[in-house]
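An overview of the molecular structure
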Amino acid sequence: MSATLVRRNPRLAHAAAGYEKIPRESGLQGTRGMMSDNGTVGRKGVAPAGANGSGATKRIGLVLGAGGIQGGAWLTGGLDAVADETGWDPATAEIVVGTSAGSMIGSLCASGIPPWFMVAHSAGETFEGVVDAEGRPAAEADRAAGATFRLQRALPPIGPGSWQLALTSLVNAHRRTPTTVVAGWIPRGFISTEPLKDTIRRVVPHGWSPHPDHWVVACDYATGRRTAFGRDDAPPADLADAVAASCAIPGFYYPVEIGDRRYVDGGMYSTSNLDVVRGRGLDLVICLNPTSSLHPTRAWNPAEWVTRLVRDGTGRRLGREARTLKAEGTDVVLVQPVAEDLAAMGPNLMSRRNRQRTIEVARETVAAQLHSAENESLLADLPPGRPEKIRRPDAPPSEWPGLLELSSAA
């Protein structure tokens, strides 16, 4: 996409030139040490999302849906396209919500990792002198955002993974999603979530992200109830544990204990959880949802029928959630995979193959969706972010400002 929203919208381009820097801690630093400890950063002293040097007060939410490994790759490319095409920094959204793969990408973003850095790291680039919170070279971090599979040290799973959820689903099946009904009966997962936790701990070793309203959605494994960790009414949790819980697909990943409860994938309740921001008085919500699609395939191959059914169901749910927000007066921009994305992602969303191809395709297809007449109008007044947060600096890493300053850019 040669033309961007910044270029096509003179007001946005003008605002970008004079955008005021807002002090804030980050999850990244340059050669002075990358990814400082954010665990003690509280919910005060952080500039309101959507505020800029000109005093704009547009209240914006960012919602990133579930989607497995391929969905995480699609979100990485999609977020980079959002930043590059609009000039807006996704980390400055007033509320950032992530589910499953979206919780991983959203947490990295909310903790100070610019989307362009995620794209470059996934592609295998090495940035000399850039290290994580514990001084380890950033190049040693997993290139697939923790999608490394190893067995959990535990007894073999036998019988239903959650007897309580299984039995209560028999009584109230009509009030639960099909995924929730099935999740209780299948054996508990056997793959460790430690690689997922390690990816987050490289950015936030303990505690929560510096973002004042960053929510990670998981489900209680006993009741099926949705929990938005990071929200005032949620139990306390380290970000690494919350993200691991949000990603813990029942029957695949080992459940994550937080406090005295076990939690699993937030996608069990909804793959998008767009409606979790209802009642917050937001002006605009931007939602990227990898598991629905604008161009569903005909799925002639029987092996792809399940994928087609899942996408159809999540798309209908996403539509209902969007209508709930619109009824409150909140504008919603929905970004979903199109045919080219589906071809790159393939039917197995947990496959590590072709991740980079999925990222590259998403950057193009998401950019095209942002330029639709309706979306371009809704995105026209987004507050611009600092150039270093939007695009990779031209200078070598040794000359970058500490990425401490990058995530202070709003």
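Heads up: these notes are all about the structure in this document. (Residues numbered from 1 in each chain as written. Predicted model: local features only at pLDDT ≥ 70, side-chain atom pairs only at ≥ 80, totals over all residues. Heavy atoms only, no water.)

Check the secondary structure of the chain and you find 15 helices and eight strands. Out of the 410 residues belonging to the chain, those deemed buried represent 57%. Partitioning the contacts of the chain with sequence separation of at least 6, the portion at a separation of at least 24 is 78%. Accessible area for the chain stands at about 16900 Å²; split by element, carbon and sulfur atoms hold 53% of it. (Helix = DSSP H or I, 4+ residues; strand = E, 2+ residues; numbered from the N terminus. Buried < 20%, exposed > 50% of the residue type's maximum accessible area, 1.4 Å probe, protein only. Contact = heavy atoms within 4.5 Å. Areas by Shrake-Rupley, 256 points an atom, 1.4 Å probe, with all protein chains shown as cover.)

Locating Thr-180 in the fold gives a position in helix α7 (residues 178-185). Engagement of the side chain of Thr-180 in a polar contact is seen with the side chain of Thr-177, the distance being 2.7 Å. The contacts of Thr-180, once residues within four sequence positions are left out, are Leu-165, Gly-224 and Met-268. (Polar contact = N/O pair within 3.5 Å; in protein donor to acceptor, adjacent residues only side chain to side chain.)

Together, Arg-316, Arg-320, Arg-323 and Lys-326 line one region of the surface with positive charge. Tracing the backbone through its elements, the reader meets Arg-316 in helix α10 (residues 305-327). (Patch = residues over 30% accessible without salt bridge, like charges linked within 9 Å, V, L, I, M, F, W, Y side chains within 5 Å. Salt bridge = Lys/Arg side-chain N within 4 Å of Asp/Glu carboxyl O. Lys, Arg positive; Asp, Glu negative; His and termini not counted. Charge placed at Lys NZ, Arg CZ, Asp CG, Glu CD.)

As a further point, take the environment of Gly-61. Relative to the helices and strands, Gly-61 is located in strand β1 (residues 60-64). Exposure remark for Gly-61: the relative accessible area of 0% places this residue in the buried category. Contacts of Gly-61, omitting those with residues within four sequence positions, involve Ala-93, Ile-95, Leu-282, Leu-284, Val-285 and Ile-286.

Right, let's talk about the packing of helix α4 (residues 101-110) against helix α9 (residues 239-247) for a bit. Helix packing geometry: the angle between the two helix axes and the distance between the axes. Two numbers describe how α4 lies on α9: the axes approach to 7 Å, and their chain directions differ by 150 degrees. Relative to α9, α4 is oriented roughly antiparallel. Counting all contacts with α4, which are made through Ala-101, Ser-103, Met-104 and Ser-107, the residues of α9 involved are Leu-239, Val-243, Ser-246 and Cys-247. Partitioned by chemical class, the residues of the contact of α4 with α9 number five nonpolar, three polar and no charged. (Axes fitted to C-alpha atoms, helices over the stretch in contact; angles between N-to-C directions. Parallel < 35°, antiparallel > 145°, perpendicular 65-115°, else oblique. Nonpolar A, V, L, I, M, F, W, Y, C, P; charged D, E, K, R; others polar.)

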